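Examination of the molecular architecture
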Amino acid sequence: MDTRYLLALDQGTTSSRAIIFSKEGRLVAQAAFEFAQHYPRPGWVEHEPEDILSTTVRAMNEALKKAGLHFSDIAAIGITNQRETTLIWDRKSGKPVYRAIVWQCRRTAGIIEQVKAEGLQEAIREKTGLVPDAYFSASKITWILDETGLRDRAEKGELCFGTVDSFLAWHLVKGHPHVTDATNAARTMLFNLKTQDWDEDLLRIFRVPKAILPQVLDTAQVVGNLAGEYAGGAKVPVSALAGDQHAALFGQGCLSPGEVKNTYGTGCFMLMNTGDKIVRDEKGLLATMAWRLSGQPHYALEGSVFVAGAAIQWLRDELGILQSAAQSEEIAGKVADTKGVYFVPAFTGLGAPYWDMYARGTLLGLSRGAGAAHITRAVLEAIAFQSNDLLTLMADSLGQLPKTLKVDGGATQNNLLMQMQADISGVSVLRPKVRETTALGAALLAGLGAGLFKNPKEAAGQWQLEARFEPSLDAEKRQEALLGWKNAVSSTLFDAAHRKKSEK
Ligand code: ADP
């Protein structure tokens, strides 16, 4: 029996982490290093590519050291990453031609406006499942090529574009393969979900030379062995590449159509497995890849909440109501309800299903007796209400309410929030033993890619429950709460419409 371990490299927006798991999915050791965020202008966000690579390598070595293991003890490595972030480097030297443009960066909004003005939204949506936005890689590639004047070299095949998985694989794997996987490719806005290939029309729209693009691999597939300079004499295959949310869906064991996970961090990311179907949603959920295994595409629906845990940070940092995020549970627990207070955390507008960029945060329903506890409770409820809005959209496209919701992310430590979610959504909320589901998913996918598991079920079927939260609110009370939330959102939207008018 192979008793070696699986190593996940989880390259995130603010830190690079490495986590070692046993084949059974037990967390053995982890290490993380943060790196600098660069904001050269308002709305611009960049990373130094060298930081992405060096912190990843440091985390990998540190995790091994902590576990008392060597590379020869590692059976497979999986890379999971912040999605959409765009890098372009020299094919020969590996030297980046520009800093990494981070997914959050808004500098290419103008390019997207132009594409929209040409009426190309629907065509793009049809092919990619995405709503045209500056988040995705396509406009970032266009921008770098225009800015650096390197389009000629790109057309001659002298440059490589890649998302972070691609960049790391090029540097870490022997022979510098120029590859990505289908989940990461699906977030570039250049990849056709149906044909599973780069799309000529999209390349034309965004003026991206084909010669710059990586080969698209399955999510679990051997890319090659870790380069000698990192692994010494050991032969360790890198055998999975996956975008972070997709890895988390796998790590949560959401392998069947209709299974859903929600990650509660700064914002929330909800993904539902839709099997071999690309599901189109009219209210703003995105169609995307779940993963591609043995050449078979599996799809997902994705929705996000812009402000979730960030609203807890706001209570702590701006209002000073809390000393720590964790204290929100204790303070909100002091009262039985919000006393009619609702909070809509539209700090940066509202996403699906409302889509109003003019909406701003609103606190309403205050009476003289409302205090810090009620407001904190309303903020926690708002996280659950917003997640429920996404779940409702997913239920609509599925034709039924998913039976369970699997959860992960920093804010899931809050038991009160988890109970609120169960009550508001009327579903069982399941919290796993291993909360590092993104890294776990990458590790298990790597095991699958390296042939250590017979099938996805054997890899991800080991999911273990830590806590279960059952809905306990009666139907009438639940409807009342949902109506209250709808009213709160309506008044926020009314206010937004008013503001929009007065700005004109
Ligand atoms: P990210 O990956 O987006 O940085 P994390 O998964 O690390 O996020 O979660 C951090 C977020 O979770 C923060 O926004 C924080 O306010 C929130 N958070 C952490 N602990 C709690 C808690 N016990 N209750 C509510 N929110 C929490």
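See the structure above.
A brief report on the enclosed structure follows. Just so it is clear, the structure is predicted and the values come from calculations on it, not from any experiment.

1. Concerning the overall build of the protein chain
The helix and strand tally for the protein chain stands at 17 helices and 23 strands. Scaling as 2.2 N^0.38, a compact globule of 504 residues should have a C-alpha radius of gyration of about 23 Å, and the protein chain matches this with 23 Å. Principal-axis analysis of the C-alpha atoms gives the protein chain an extent of 70 × 60 × 40 Å. In the protein chain, once contacts between residues fewer than 6 apart in sequence are set aside, the share between residues at least 24 apart is 72%. When the accessible surface of the protein chain is totalled, it reaches about 20,300 Å², and 50% of it is carbon and sulfur. Of the side chains in the protein chain, 55 bear a positive and 56 a negative charge, and the two mean positions are spaced by 1 Å.

2. Looking at the side chain of T13
Mapped onto the fold, T13 is located in the loop between β1 (5–11) and β2 (15–21). The buried category is assigned to T13, whose relative accessible area is 18%. Once residues within four sequence positions are removed from consideration, T13 is found in contact with F35, Q37, H47, Q82, V102, W103 and Q104.

3. Quick look at the site of the ligand
Lining the immediate surroundings of the ligand are 13 residues, of which T266, G309, A326, G410 and N414 lie closest. A distance of 2.6 Å is found between an oxygen atom of the ligand and a side-chain nitrogen or oxygen belonging to T266. The contact in question runs from an oxygen atom of the ligand to an N or O atom on the backbone of G410, over 2.8 Å. Considered on its own, the ligand offers 570 Å² of accessible surface; in the complex 69% of this is hidden by protein. In terms of residues, the shell around the ligand owes the most to one element, helix α11 (residues 309–317), which gives 4 residues.

4. Comments concerning the sheet that holds strand β13 (residues 220–225)
One open sheet accounts for 6 strands, arranged β3-β2-β1-β5-β14-β13; its pairing is mixed. In the strand order of this sheet, the two ends are held by β3 (27–34) and β13, each with one partner. Here the average twist between neighbouring strands, direction ignored, is 25°. Taken together, the 5 bridges between strand β5 (residues 74–81) and strand β14 (residues 237–243) define a ladder with parallel strand orientation. Directly across from G78, in β14, lies its bridge partner A240.

5. Concerning helix α14 (residues 415–425)
For α14, a buried count of 9 out of 11 residues is recorded, marking the element as mostly surrounded by other parts of the structure. Considered for burial, the residues of α14 that qualify are L416, L417, M418, M420, Q421, A422, D423, I424 and S425. Measuring from the backbone nitrogen of L416 back to the side-chain oxygen at the start of α14 gives 3.1 Å, which picks out N414 as the cap. Two residues or fewer past α14, G426 is found with a positive phi of approximately 70°.

6. Details of the pattern of salt bridges
For the coordinates displayed, the defined rule picks out 26 salt bridges. The partner of R107 in a salt bridge is E46, and the shortest N-O contact between them spans 2.8 Å. In this pair, R107 is assigned in the loop between β7 (100–101) and α2 (109–117) and E46 in strand β4 (residues 46–47), connecting sequence segments 61 residues apart. Judged by its relative accessible area of 12%, R107 is buried. Across the pair D201 and K127 runs a salt bridge, and its minimum N-O distance is 3.1 Å. Of this pair, D201 sits in helix α8 (residues 200–205) while K127 sits in helix α3 (residues 121–128), and the two are 74 residues apart along the sequence. When salt bridges with common partners are traced through the structure, they connect R83, E84, R187, D244 and E302 into a single cluster.

Analysis parameters
- Residues numbered from 1 in each chain as written.
- Predicted model: local features only at pLDDT ≥ 70, side-chain atom pairs only at ≥ 80, totals over all residues.
- Heavy atoms only, no water.
- Helix = DSSP H or I, 4+ residues; strand = E, 2+ residues; numbered from the N terminus.
- Rg over C-alpha atoms; globule rule 2.2 N^0.38 Å.
- Contact = heavy atoms within 4.5 Å.
- Areas by Shrake-Rupley, 256 points an atom, 1.4 Å probe, with all protein chains shown as cover.
- Lys, Arg positive; Asp, Glu negative; His and termini not counted.
- Charge placed at Lys NZ, Arg CZ, Asp CG, Glu CD.
- Buried < 20%, exposed > 50% of the residue type's maximum accessible area, 1.4 Å probe, protein only.
- Near = heavy atom within 4 Å.
- Polar contact = N/O pair within 3.5 Å; in protein donor to acceptor, adjacent residues only side chain to side chain.
- Pairing = 2+ DSSP bridges.
- Axes fitted to C-alpha atoms, helices over the stretch in contact; angles between N-to-C directions.
- Salt bridge = Lys/Arg side-chain N within 4 Å of Asp/Glu carboxyl O.

Without other data, these values stay purely geometric and don't point to any function.
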